[in-house]
Amino acid sequence: MHGIAALQPYVIGLFLLWAALMKLLDRRMRAQAGQTALGRLVGSARAVPALRLVGVLELAVAVALLLPPVLPVEGAAAAVLSAGFLAYLTYAYLAAPTSSCGCLGAHSRPVNRRGFARAGLLLAMSLAAVWARPYPLDPWLVALGLAEAVALLGLSAELDRHWLMPLRRLLVRLRKPLAVPSSQEIPLEVTMRLLYLSPAYCSASARLTSDVQDVWDEDGLRFVVYAAGGRTAVFAVPLPGGDPSAVRVALTDEPALI
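So, a few notes on the structure that sits alongside this text. For every chain, the first residue of its written sequence is number 1, and the numbers climb from 1 along that sequence. Owing to the predicted nature of the model, reporting of local features is limited to residues with pLDDT of at least 70; listing and counting of side-chain atom pairs is limited to 80 or more, with chain, interface and lining totals taken over all residues. Think of the side-chain values as coming from all heavy atoms in the structure, minus any hydrogens and water.

1. Examining the overall build of the protein
This is how it is decided: By the criteria applied, helices consist of DSSP H or I runs no shorter than four residues and strands consist of E runs no shorter than two, each listed in order from the N terminus. This radius of gyration counts C-alpha atoms alone. The globule rule is 2.2 Å times how many residues there are, raised to the power 0.38. To sort residues, take the accessible area from a 1.4 Å probe on protein chains only and compare it with the maximum for the residue type: under 20% means buried, over 50% means exposed, and anything in between is partly exposed.
A tally of regular secondary structure across the protein gives 10 helices and four strands. Relative to the compact-globule value of 18 Å for 258 residues, the protein shows a C-alpha radius of gyration of 32 Å, a clear excess of over 25%. If one aligns the C-alpha atoms of the protein with their principal axes, the spans along those axes are about 95 × 50 × 25 Å. A total of 258 residues make up the protein; the buried ones form 37% of that total.

2. Points about the layout of surface pockets
Rules: Put plainly, a pocket is an open set of points on a 1 Å grid over the protein atoms alone with protein on both sides within 12 Å along at least five of seven lines, a cavity is a set where a 1.4 Å probe fits but cannot get out, and a lining residue has an atom within 4 Å of a point. Grid points are joined across faces, edges and corners, and a volume is the space filled by probe spheres set on the points. Put simply, Ala, Val, Leu, Ile, Met, Phe, Trp, Tyr, Cys and Pro go in the nonpolar bin, Asp, Glu, Lys and Arg in the charged bin, and everything else, Gly too, in the polar bin.
Put simply, the largest pocket is a space of about 350 Å³. Contributing elements (two or more residues each) for the lining of the largest pocket: α1 (2-25), α3 (37-42), α4 (47-66), α5 (72-95) and α6 (113-129). Top contributing element to the lining of the largest pocket by residue count: α5, with five residues. When the residues that make up the lining of the largest pocket are grouped by side-chain class, the tally is 17 nonpolar, three polar and three charged. The computed volume of the second largest pocket comes to approximately 220 Å³. Lining the second largest pocket are 14 residues, with Tyr-10, Val-11, Leu-14, Gly-145 and Ala-149 positioned closest to its centre. Among the secondary structure elements, those contributing two or more residues to the lining of the second largest pocket are α1 and α7 (139-154). Examining the composition of the lining of the second largest pocket, we find that seven residues originate from one element, α7, more than from any other. Among the residues making up the lining of the second largest pocket, the classes are represented as 13 nonpolar, one polar and no charged.

3. Regarding the nonpolar core
For clarity, the cut-off: As used in this record, nonpolar core signifies buried Ala, Val, Leu, Ile, Met, Phe, Trp, Tyr and Cys residues forming a set joined through side-chain atoms within 4.5 Å. Working rule for contacts: check all heavy atoms of both residues, and any pair within 4.5 Å makes them a contact.
Ranked by size, the top nonpolar core spans 32 residues in total, and within it Ile-12 and Leu-16 carry the most contacts. For this core, the secondary-structure elements that each account for two or more residues are α1, α3, α4, α5 and α6. Setting aside anything within four residues of it in sequence, one finds Leu-16 in contact with Glu-58, Val-61, Ala-62, Leu-65, Leu-81 and Phe-85.

4. What about empty space enclosed by the protein?
One pass over the full model with this rule turns up two cavities of 30 Å³ or more. Roughly 100 Å³ of internal volume is contained in the largest cavity. In terms of lining residues, the largest cavity is bounded by 13 residues, among which Cys-101, Pro-110, Asn-112, Gly-115 and Ala-157 are the most central. With three residues, α6 is the single largest residue contributor to the lining of the largest cavity.

5. Notes on the pattern of salt bridges
The condition is simple: The salt bridge criterion pairs a side-chain nitrogen of Lys or Arg with a carboxyl oxygen of Asp or Glu, the two atoms within 4 Å.
On inspection of all chains with the given rule, the structure shows five salt bridges. The partner of Asp-160 in a salt bridge is Arg-114, and the shortest N-O contact between them spans 2.8 Å. Of this pair, Asp-160 sits in helix α8 (residues 160-175) while Arg-114 is found in helix α6, placing the two residues 46 residues apart along the sequence. Residue classification places Arg-114 among the partly exposed residues on the basis of a relative accessible area of 22%. Between Glu-158 and Arg-118 there is a salt bridge; the shortest N-O distance is 3.0 Å. With Glu-158 in the loop between α7 and α8 and Arg-118 in helix α6, the pair connects residues that are 40 residues apart, well separated along the chain. Take Glu-158 and Arg-118: they sit in the same class, and that class is buried.

Below is the structure:
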């Protein structure tokens, strides 16, 4: 427990340092400050000064956490800051549901569960940091710190363009959702739905005297066989297909299978 508590000031400090630098140095973020929930809270004209003030507070807490000595008041300050984040997110969610929070970067996504989860995780880590004391950082503590950092970054929608969107593009390339499926991947129900909508089926349905007797795939077509009195009706449905008018029917003199 003491080791986990001793780890938190470093993780929180680095995260708050990044947040502070974004608010103080990112021109695009400052340019969009009036369009965020912060602009709704303090007014568009005061959004940039308010953003800078929050950045200065984050920077002060981050420096205190990262530099020795380790004091309980530093964790308490981080906890107060994190509680303020949660309160602000709640306001943004209720009062400006279509606006971004403007927390860590310029983006247009409204406040969602990921933002609340990130603020909640920061609050829990900050409360643990209140009990932080000097403690040697073992390898497992370093691994835990990396896991916490990854969790915070993963919950940050501001970074989605750097990892989530490339990952989604990779999955699309691998899965190829728009690729033409093989005949084995096309359910019979899909074929039958297209068949029932086709003019060919409507023209021959009065002659059909059985349910489906046989089905097979060949040369990009799915053949569906019915009995038609003393004859046999063979429908050819394109695979894959979405145009009912492309379905063809042939009546043969071969005897039915029943």
